[in-house]
Amino acid sequence: MSRVVRNAAPNFMWTCRRDSIDFKLLRKDTIVNHFAKNGSFTTKVGLCTNLRNLHWFDNINPDEFFPRCYKVCSEEEKNAFIDDYRLTAAISILKWVVENCETNLDDTSLDENCQSNAATPCPPAPNDETKVSTSVQSPVKAKTKKTKKVLPPSLIEMSCKIVDMFLEEREHSDIDIPLDTPPLFTAQQWDDFIQQYYQLIFEGGTICKSATYVDYSQDLVNRLKPHLPQLDLDGVKNVWIIKPGAKSRGRGIMCMNRLEDIVKLVGNPMVQKEGKWVVQKYIERPLLVYNTKFDIRQWFLVTDWNALTIWFYKDCYLRFCTQPYTLDDFDT
């Protein structure tokens with residue numbers, strides 16, 4: 001059979017590697033199952049890059065249909081991700097204030113500890129030298145762990161300033177600000193802010209006198225909605241997915257919610273050597289069926305790129321998770 005067809009010009013060629021075919025030697029009527037340079041829309045890095053450039057071709061905001069994504073091996077995009085994480089943390093604190101307003105009004109015991117806690121600096125983030133084994137705990141440490149951390153109102157005030165600054169930029173109210181204006185916050189202030197955010201959201205802390213900020217916090221959240229289409233999907237835990245830029249089937253994917261852990265991972269020399277990693281915002285409030293996540297598998301075929309021609313099946317199938325949805329355990 002191979003002798004019969006070896007000299008025949010094929011009409012259709014199927015290959016697992018695009019590089020094995022010289023596209024310059026193909027006839028115009030020969031179809032190949034790969035497009036040249038198809039990585040621009042078949043890889044996570046390619047999608048991220050093209051969505052970032054979408055505004056040059058059409059008046060469409062990719063944030064309306066695709067979770068925010070950054071190529072963190074690029075220094076510029078890594079800094080953009082850090083800014084996004086900080087803004088999301090500030091918005092999460094304002095959401096916490098609004099969602100816990102009734103509890104904060106009833107909890108009058110917070111006022112007694114407010115002044116002392118306001119003067120207490122945040123503990124530094126643990127590193128390899130300061131980590132202590134948690135397998136054995138003293139009774140004093142175990143008791144301290146159960147104490148609710150009371151955070152100062154300045155945490156809300158800084159969150160309001162961060163959101164105000166973002167809104168001024170989006171509403172073009174900052175155009176008269178000189179370019180040489182120093183940053184609003186120092187690196188140390190940002191570090192303290194993030195550590196207090198962890199204490200509030202991840203460690204069950206609370207903020208004294210937060211009830212007085214409910215109305216203003218709600219007003220800021222409402223003003224954010226026209227500018228942030230994903231506001232209601234974000235939740236308050238700042239969860240992000242770190243993905244290899246060109247792998248499939250979930251290989252190498254990790255979920256993290258602490259800024260320093262994400263920055264440390266993508267700054268690892270081995271990760272940088274591999275290159276092309278992306279960080280994408282995790283949808284913390286997805287559509288659930290019986291409290292379980294699912295995804296939609298839709299098969300399609302692209303037969304032309306210009307003009308774009310896509311064929312797809314009318315039927316698709318759903319894949320359901322085997323575990324109830326929770327953000328308390330990323331392994332599930």
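All of the points below concern the structure found in this document. (Residues numbered from 1 in each chain as written. Predicted model: local features only at pLDDT ≥ 70, side-chain atom pairs only at ≥ 80, totals over all residues. Heavy atoms only, no water.)

**What about the packing of helix α4 (residues 75-99) against helix α11 (residues 259-266)?**
One way to put it is that α4 packs onto α11 with a least axis distance of 11 Å and a crossing angle of 170 degrees. Comparing their axes, α11 and α4 come out roughly antiparallel. Where α4 approaches α11, its residues K78, F81, I82 and Y85 are matched on the opposing element by L259, I262, V263 and V266. Residue classes in the contact of α4 with α11 are distributed as seven nonpolar, no polar and one charged. (Axes fitted to C-alpha atoms, helices over the stretch in contact; angles between N-to-C directions. Helix = DSSP H or I, 4+ residues; strand = E, 2+ residues; numbered from the N terminus. Parallel < 35°, antiparallel > 145°, perpendicular 65-115°, else oblique. Contact = heavy atoms within 4.5 Å. Nonpolar A, V, L, I, M, F, W, Y, C, P; charged D, E, K, R; others polar.)

**Focus on the pattern of salt bridges**
Evaluated as defined, the whole model comprises 11 salt bridges. The salt bridge partner of R223 is D164, with a shortest N-O separation of 3.9 Å. Of this pair, R223 sits in helix α10 (residues 214-224) while D164 sits in helix α8 (residues 154-170), and the two are 59 residues apart along the sequence. In this structure R223 comes out as partly exposed when scored by relative accessible area, which is 29%. Overall, the relative accessible area of 22% leaves D164 in the partly exposed class. In this structure, the salt-bridge partner of D328 is K237, at a minimum N-O distance of 3.0 Å. Pair noted here: D328 is in the segment after β12 (317-320) and K237 is in the loop between α10 and β6 (240-244), with a separation of 91 residues, a long-range link. Bridged by salt links that share partners, the residues R68, D84 and D234 form one connected network. (Salt bridge = Lys/Arg side-chain N within 4 Å of Asp/Glu carboxyl O. Buried < 20%, exposed > 50% of the residue type's maximum accessible area, 1.4 Å probe, protein only.)

**Structural notes on the side chain of K281**
With respect to the secondary-structure elements, K281 resides in strand β8 (residues 277-281). In this structure the side chain of K281 is engaged in a polar contact, spanning 3.0 Å, whose partner is the backbone oxygen of V239. Dropping the residues within four chain positions of it, K281 is found in contact with P67, R68, T88, D234, N238, V239 and W240. (Polar contact = N/O pair within 3.5 Å; in protein donor to acceptor, adjacent residues only side chain to side chain.)

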